[in-house]
Amino acid sequence: MSLVSYKKYPTSAQAKEVATLLSKHNVLNEYVENKSSLDSNFSSVLLEEYEIKIKPEDFKKADEVLFEDASQLIDSLPEDYYLFSFTNKELIDIVIKKDEWNELDYILAIHLLKSRGVSVTDESIEKANNQRIAELKKPEKSNSDWIAVGYICAILGGFLGYIIGYILVTQKKTLPNGERVYVYSESDRKHGKNILYLGIFSFVLSLILVLFL
């Protein structure tokens with residue numbers, strides 16, 4: 001099975017450290033540098049990201065490895081670490097949306113909640129994770145104007161129509177549990193197929209007209 005995106009980091013050092021840690025625990029991974037394609041006059045380090053890819057079935061094991069590593073850092077955190085000032089509600093939000101936070105903040109949020117007397121059980125964490133996955137599974141709302149542009153470009157034989165149709169039909173996202181799902185709804189993907197077919201037909205028709213007329 002091919003590798004999919006697991007984590008993205010702002011620096012090469014962070015990503016390579018994670019790659020090394022996963023390799024030590026026999027989690028097959030790939031380090032990828034995604035650099036900006038913009039002209040060098042506009043490029044900056046903010047337009048670069050460093051990605052770790054792993055097998056979808058290894059997501060749970062990789063999480064366990066990183067969480068265990070992060071838990072060893074809690075006692076060494078400075079007293080002014082920003083999470084210490086978070087309210088219980090804010091900490092609970094971190095636990096619910098752990099895919100938006102780094103491993104250390106997630107583990108620390110659970111640690112702080114427990115130290116404040118808030119009940120955080122394995123069952124409640126699993127329930128929160130399942131609810132989060134269900135939320136992220138929902139297809140994104142498409143832009144009707146974008147679909148309309150796709151149809152117009154397809155009719156006119158424009159390449160942009162083909163691109164829009166292809167994205168609507170094929171684009172997927174990776175959930176925090178490694179599952180891959182379509183980004184757009186079934187209805188939007190049907191529009192994408194129509195745009196693709198219409199674009200191909202228009203292109204072939206225009207080619208015939210150019211060659212034989």
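Residues numbered from 1 in each chain as written. Predicted model: local features only at pLDDT ≥ 70, side-chain atom pairs only at ≥ 80, totals over all residues. Heavy atoms only, no water.

Caption draft 1: Summary view of the overall build of the chain. If you tally the helices and strands in the chain, you get eight helices and five strands. Written out in order from the N terminus, the α and β elements of the chain read β-α-β-β-α-α-α-α-α-α-β-β-α. At 23 Å, the chain has a C-alpha radius of gyration far larger than the 17 Å of a compact globule built from 213 residues. C-alpha atoms of the chain, sized along the principal axes, occupy 80 × 35 × 35 Å. Taking all 213 residues of the chain together, 34% fall into the buried category. Long-range contacts, defined here as pairs at least 24 residues apart, represent 63% of the contacts in the chain between residues at least 6 apart. (Helix = DSSP H or I, 4+ residues; strand = E, 2+ residues; numbered from the N terminus. Rg over C-alpha atoms; globule rule 2.2 N^0.38 Å. Buried < 20%, exposed > 50% of the residue type's maximum accessible area, 1.4 Å probe, protein only. Contact = heavy atoms within 4.5 Å.)

Caption draft 2: Region of interest: the pattern of salt bridges. All told, the structure shown has eight salt bridges when counted by the stated rule. In this structure, Glu 49 and Lys 8 form a salt bridge, with 3.5 Å as the shortest nitrogen-oxygen distance. With Glu 49 in strand S3 (residues 49-54) and Lys 8 in strand S1 (residues 4-9), this pair connects stretches of sequence that are 41 residues apart. The residue Lys 137 makes a salt bridge to Glu 179 at a minimum N-O spacing of 3.4 Å. With Lys 137 in helix H5 (residues 122-137) and Glu 179 in the loop between strand S4 (172-174) and strand S5 (180-182), the pair connects residues that are 42 residues apart, well separated along the chain. For Glu 179, a relative accessible area of 31% corresponds to the partly exposed category. (Salt bridge = Lys/Arg side-chain N within 4 Å of Asp/Glu carboxyl O.)

Caption draft 3: Up close: the packing of helix H6 (residues 144-155) against helix H7 (residues 159-170). Interaxial distance between H6 and H7 falls to 7 Å at its minimum, and their mutual angle equals 135 degrees. Relative to H7, H6 is oriented oblique. As for the relative orientation of H6 and H7, their crossing is left-handed in sense. Between H6, through Trp 146, Ile 147, Val 149, Gly 150, Cys 153 and Ala 154, and H7, the contact on the second element is made entirely by Leu 160, Gly 161, Ile 164, Ile 167 and Leu 168. A class-by-class count of the residues in the contact of H6 with H7 yields nine nonpolar, two polar and no charged. (Axes fitted to C-alpha atoms, helices over the stretch in contact; angles between N-to-C directions. Parallel < 35°, antiparallel > 145°, perpendicular 65-115°, else oblique. Left-handed = near helix turned anticlockwise from the far one by under 90°. Nonpolar A, V, L, I, M, F, W, Y, C, P; charged D, E, K, R; others polar.)

Bear in mind that shape data such as this cannot, by itself, settle questions of function.
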